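# Observations on chain architecture
Take a look at the letters that make up each chain.
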Amino acid sequence: MEPVRFSPPLSQQRYEFVISFVNNYKPKKVADLGCSECSLLHRLKFWNCIEFLIGVDIDEETLRRKMHTLTPLPTHYLEPMERPLNVILYKGSVCEKDPALLGFDLISCVELIEHLEVDDLDKLEDVLFGFMAPKAAVITTPNADFNILLPKTQKFRHPDHKFEWSREEFHSWALKVVKRYNYTVEFSGVGKPPPEYEDVGFCSQIAVFIKNYTESEELINIKKQYKSIYKTVLHVVYPSLQEEKYLRNAVLNVALLHANRMKNSLLCYHKNKEENKQDITTGVTDHSKETYTYSKWCFGLETETQSKENEVAQPFIQGNTIHIPLEALFTISKVKKLCGTLDVLKNFIAGEVTLSADGKTIMYPVYLDDVLEV
Ligand code: SAM
């Protein structure tokens, strides 16, 4: 028989399964138990809904091997995320209770349980469903029924596996768990068998558990008293716009970039107007048309938005000073989104630039003669 091959690889299909669950349920707090080299965590950190991402593994060396893939890059500081994101790795056993794992929306155990001795599996059951009690849990494990399609070189698929369950064994374990801990379960899998062997099921079997109740505050507080035993191996906090220093930076970057563009557009507009002076034969200046032309020049405004946008103060030149009204900057959607209100924009920008006496415009000195001669 041709060896079974999976495309994409089976491990990736398992990660995709968890990711699609995250996509549907939008959990904020997610933990991966037996996270090994953090491959799933690395993929999950790109998901916008997640604010706490935790990995636990008993093997510290394995955790450390690729943990750098979880740390922020310079681009994260240049363009901070909107949400806060804490990533923590713990060295610890899933058979032990640690309050760090309380209050989670999703806990995944991808190809973990088959590495546990029977006694430890009983402990995991109590720790995961009784103590941690996440809103949802995804557990994947090899499906022994599928093994007839794999080359038989050893007892199990991996030398460290303590067991491999048939679908019936996995289902009966999961059904016992949901009854005891008040969850519901649905079964699924990844790694389709070839069409002529469909009755063996998926190569990796998966159970998705959903909690049927909400824990009382009293119980959660009792659990929080447990002594912490996990060792923190990594804790990184991603820069986010929720932190004022990053928000202030982001506002300044965007607002000053646009203020500068407006200033340059206004100068170009004036230069252009001066150059075309000879063509004006009637001697009558239509100021409303001028403003429109300038708006269009500056912002690329469409005709239908012209009157609305014209209600907003426009950049102007007074003497040797260019004024960029904060109101005009606030029409830039990114500035508006970051600041929320004009007052916030003013607060962030004050002290970084020269504002007019009434605090309504940014003032840039300009030597118009020089500019017009360019
Ligand atoms: N989940 C990972 C993935 O899919 O990429 C790989 C899982 S690997 C097959 C099993 C992992 O479970 C190993 O990294 C091992 O160190 C970890 N492990 C075994 N027993 C454990 C325990 N009692 N507590 C925490 N982790 C454990």
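Details of the structure are given in the entry above.
Residues numbered from 1 in each chain as written. Predicted model: local features only at pLDDT ≥ 70, side-chain atom pairs only at ≥ 80, totals over all residues. Heavy atoms only, no water.

## Considerations on the site of the ligand
Around the ligand sit 14 residues, and of these Y15, G34, D57, V94 and V110 come closest. A distance of 2.5 Å is found between an oxygen atom of the ligand and a side-chain nitrogen or oxygen belonging to Y15. Between the ligand and V94 there is a distance of 3.0 Å, counted from a nitrogen atom to a backbone nitrogen or oxygen. Contact with the protein chains hides 82% of the accessible area of the ligand, taken as 600 Å² for the molecule alone. Residues of the shell around the ligand, tallied by class, amount to 6 nonpolar, 5 polar and 3 charged. (Near = heavy atom within 4 Å. Polar contact = N/O pair within 3.5 Å; in protein donor to acceptor, adjacent residues only side chain to side chain. Areas by Shrake-Rupley, 256 points an atom, 1.4 Å probe, with all protein chains shown as cover. Nonpolar A, V, L, I, M, F, W, Y, C, P; charged D, E, K, R; others polar.)

## Section: the sheet that holds strand β11 (residues 361-365)
Pairing within the open sheet is antiparallel, and its 3 strands lie in the order β9-β10-β11. The open sheet has two edge strands, β9 (316-318) and β11, and neither has a second partner. Neighbour-to-neighbour, the strand axes of the sheet open up by a mean angle of 30°, direction not taken into account. Of the strand pairs in this sheet, strand β10 (residues 321-325) and β11 are connected by 5 bridges, and their pairing is antiparallel. (Pairing = 2+ DSSP bridges. Helix = DSSP H or I, 4+ residues; strand = E, 2+ residues; numbered from the N terminus. Axes fitted to C-alpha atoms, helices over the stretch in contact; angles between N-to-C directions.)

## What to know about the sheet that holds strand β6 (residues 183-190)
Taken in spatial order, the 8 strands of this open sheet run β6-β7-β5-β4-β1-β2-β3-β8, and their pairing is mixed. Each edge of the sheet is formed by a strand with only one pairing partner; in this case those strands are β6 and β8 (231-238). Sheet twist, expressed as the mean angle between neighbouring strand axes with direction ignored, is 15°. Across the sheet, helix α6 (residues 167-181) is in contact with β5 (136-142), β6 and β7 (204-211); its angle to β6 comes to roughly 155°. (Contact = heavy atoms within 4.5 Å.)

## Side note on the pattern of salt bridges
Under the criterion given, the structure shown has 16 salt bridges. A salt bridge links E215 to K211; the shortest N-O distance between them is 3.8 Å. Taking relative accessible area as the criterion, E215 reaches 14% and is therefore assigned buried. The class for K211 is buried, based on a relative accessible area of 14%. One network of salt bridges, in which partners are shared, links E37, R65 and K66. (Salt bridge = Lys/Arg side-chain N within 4 Å of Asp/Glu carboxyl O. Buried < 20%, exposed > 50% of the residue type's maximum accessible area, 1.4 Å probe, protein only.)

## What to know about the environment of F316
As for its position among the elements, F316 is in strand β9. Exposure remark for F316: the relative accessible area of 33% places this residue in the partly exposed category. Residues F316 and L266 lie 50 residues apart in sequence; the distance between their C-alpha atoms is 7.5 Å.

## Side note on helix α13 (residues 342-349)
Every buried residue of α13 is accounted for by L345, F348 and I349. Projected down its long axis, α13 carries its buried residues within an arc of 90°, all on one side. In α13, the exposed residues that point more than 90 degrees away from the buried face are D343 and N347. Where α13 terminates, the next one or two residues include G351, which has phi positive at roughly 95°. (Arc of directions from axis to C-beta.)

## Section: the packing of aromatic side chains
Considering all chains together, one arrives at 14 aromatic pairs under this definition. Between F6 and F146, the ring centres sit 5.9 Å apart and the planes meet at 40°, which makes this aromatic pair tilted. Placement of the pair is F6 in the segment before α1 (10-25) and F146 in the loop between β5 and α6, with a sequence separation of 140 residues. Overall, the relative accessible area of 0% leaves F146 in the buried class. Among the aromatic residues, those joined into a ring-pair cluster are F129, F163, W165, F170, W173, Y181, Y183, F187 and F209. The aromatic ring of F52 is capped on one face by K29, whose charged end is 5.3 Å from the ring centroid. The ring centre of F104 lies 4.9 Å from the NZ or CZ of K29, which sits over that ring. (Phe/Tyr/Trp six-rings, centres within 6.5 Å; stacked < 30°, edge-to-face > 60°. Lys NZ or Arg CZ within 6 Å of the ring centre and 35° of its normal.)

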